[in-house]
Amino acid sequence: MAATMAAGVWCAGATAHATHPDHEGERGFEVSLSAGVGGIADTDERLFLAPRDVAPGAPSYEAFTNGFAVQGQLGYRIAPFVSAGVSFNVQSLEATQLHSPQETGFGARDSFSSWQMGVYGRFYPVALMRRHRDNPRVFFQGWGDLRRLDPWVSLGLTLTQNITRARAYSDALNRTTWETGFVGVPIGFGAEYRITQSLAAGVQFAVTPLVGGGVDKTQQARRTTGSTDAVSVTESSYDPIRTSTVQTFFGLSVRYTLTLF
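Residues numbered from 1 in each chain as written. Predicted model: local features only at pLDDT ≥ 70, side-chain atom pairs only at ≥ 80, totals over all residues. Heavy atoms only, no water.

1. A short note on the overall build of the protein
Right, so step 1: Tallying secondary structure elements over the protein gives three helices and ten strands in all.
Right, so step 2: Helices and strands appear in the protein in the N-to-C order α-β-β-β-α-β-α-β-β-β-β-β-β.
Right, so step 3: For the protein, the proportion of its 261 residues judged to be buried stands at 40%.
Right, so step 4: Across the protein, every contact between residues at least 6 apart in sequence was considered, and the portion connecting residues at least 24 apart equals 76%.
Right, so step 5: Summed over all atoms, the accessible surface of the protein reaches about 13,700 Å², with 65% contributed by carbon and sulfur. (Helix = DSSP H or I, 4+ residues; strand = E, 2+ residues; numbered from the N terminus. Buried < 20%, exposed > 50% of the residue type's maximum accessible area, 1.4 Å probe, protein only. Contact = heavy atoms within 4.5 Å. Areas by Shrake-Rupley, 256 points an atom, 1.4 Å probe, with all protein chains shown as cover.)

2. Remarks on the nonpolar core
Right, so step 1: In this structure, Phe48, Phe64, Leu93, Phe112, Ile163 and Trp178 are the most contacted members of the largest nonpolar core, which totals 17 residues.
Right, so step 2: Listed by contribution, the elements that provide at least two residues to this core are β3 (82-95), β6 (175-184) and β8 (199-225).
Right, so step 3: When neighbours within four sequence positions are excluded, leucine 93 is seen to be in contact with Ile40, Phe64, Thr65, Asn66, Phe112, Ser113, Ser114 and Ile163.
Right, so step 4: Ranked by size, the runner-up nonpolar core spans five residues in total, among them Phe81, Tyr124, Ala127 and Trp152. (Core = buried A, V, L, I, M, F, W, Y, C linked by side-chain atoms within 4.5 Å.)

3. Some words on the pattern of salt bridges
Right, so step 1: All chains considered together, the criterion is met by 13 salt bridges.
Right, so step 2: Taking the shortest distance from any N to any O, the salt bridge between arginine 165 and glutamate 45 comes out at 3.5 Å. With arginine 165 in strand β5 (residues 149-168) and glutamate 45 in the loop between β1 (28-40) and β2 (64-79), this pair connects stretches of sequence that are 120 residues apart. Taken individually, arginine 165 and glutamate 45 each receive the classification buried, so the pair is uniform in this respect.
Right, so step 3: Here the salt bridges do not stand alone but share partners, grouping Glu30, Arg77, Arg122, Asp150, Glu192 and Arg255 into one network. (Salt bridge = Lys/Arg side-chain N within 4 Å of Asp/Glu carboxyl O.)

4. What to know about the side chain of threonine 245
Right, so step 1: With respect to the helices and strands, threonine 245 occurs in strand β10 (residues 245-259).
Right, so step 2: Residue threonine 245 is classed as buried on the basis of its relative accessible area of 6%.
Right, so step 3: Only 3.0 Å separates the side chain of threonine 245 from the side chain of aspartate 42, close enough to count as a polar contact.
Right, so step 4: In this structure, threonine 245 is in contact with Ile40, Ala41, Asp42, Phe182, Thr208, Pro209 and Leu210, ignoring residues within four places of it in sequence. (Polar contact = N/O pair within 3.5 Å; in protein donor to acceptor, adjacent residues only side chain to side chain.)

5. Comments concerning the pairing of strand β4 (residues 109-123)
Along any regular strand the residues' side chains alternate between the sheet's two faces.
Right, so step 1: When β3 meets β4, the two strands line up antiparallel, connected through ten bridges. The residue bridging glycine 85 from the neighbouring strand is tyrosine 120, located in β4.
Right, so step 2: Note: β4 against β5, 15 bridges, orientation antiparallel. Paired with serine 114 across the strands is isoleucine 163, a residue of β5. (Pairing = 2+ DSSP bridges.)

6. Some words on the side chain of threonine 164
Right, so step 1: Tracing the backbone through its elements, the reader meets threonine 164 in strand β5.
Right, so step 2: A distance of 2.8 Å separates polar atoms of two side chains, one belonging to threonine 164 and the other to asparagine 162.
Right, so step 3: If near-sequence neighbours (up to four positions away) are discounted, threonine 164 is found in contact with Ser111, Phe112, Ser113, Thr177, Trp178 and Glu179.

Read these as geometric descriptors, not functional statements.
Next comes the structure, spelled out in structure tokens:
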């Protein structure tokens, strides 16, 4: 009898040891940060100019070049196979300083900034196929355990994609700002390796069609006539020549899931 009880205790202990606290499928708050190369397909100034601003047959100047980008997501892992939350993106754009002869004569110098905010939903297909929701606690069998791989796809809505072009002139009182806003649908793909139950690192790619571009233009001009030296500010809103484009992103990512259970 004592032997039977001892065997039962030993088996219970072995079972408890096998049920390691590492989670194969998390639920909880999820934070992701990615850094890499971002791109906007159309880089010429027609993203900012109205049709009336460009004479027929006039050349189009490249306004900026693409560069470094950072993305972030803050969401909640509702189930091991799905999460949702809010996202942001900051894109570095380098001005080409290519202008028409008239603008060059006034000493025009451009600077750019780009950012976006939106919402997203992320789906982890392997977690669903492997029924992680029914087996929430599984011990990883070494670093080569395939259960550490966590690929995903995502779909989102960019509530605002803002690209700002600020132009200064030799006379500091003269300046112009164009702010172009879009609505986008980010489509993302990624694959992560789970270093621990909560920490994962990987790569990701996203493409975002941007539509509905509209420009808010603010122009400050100094006007000198005779004895009068005055500064005027004019504001206008319009649809630019290019009202749609595509944004891309490729980078390395780190994700942390604050597991609740």
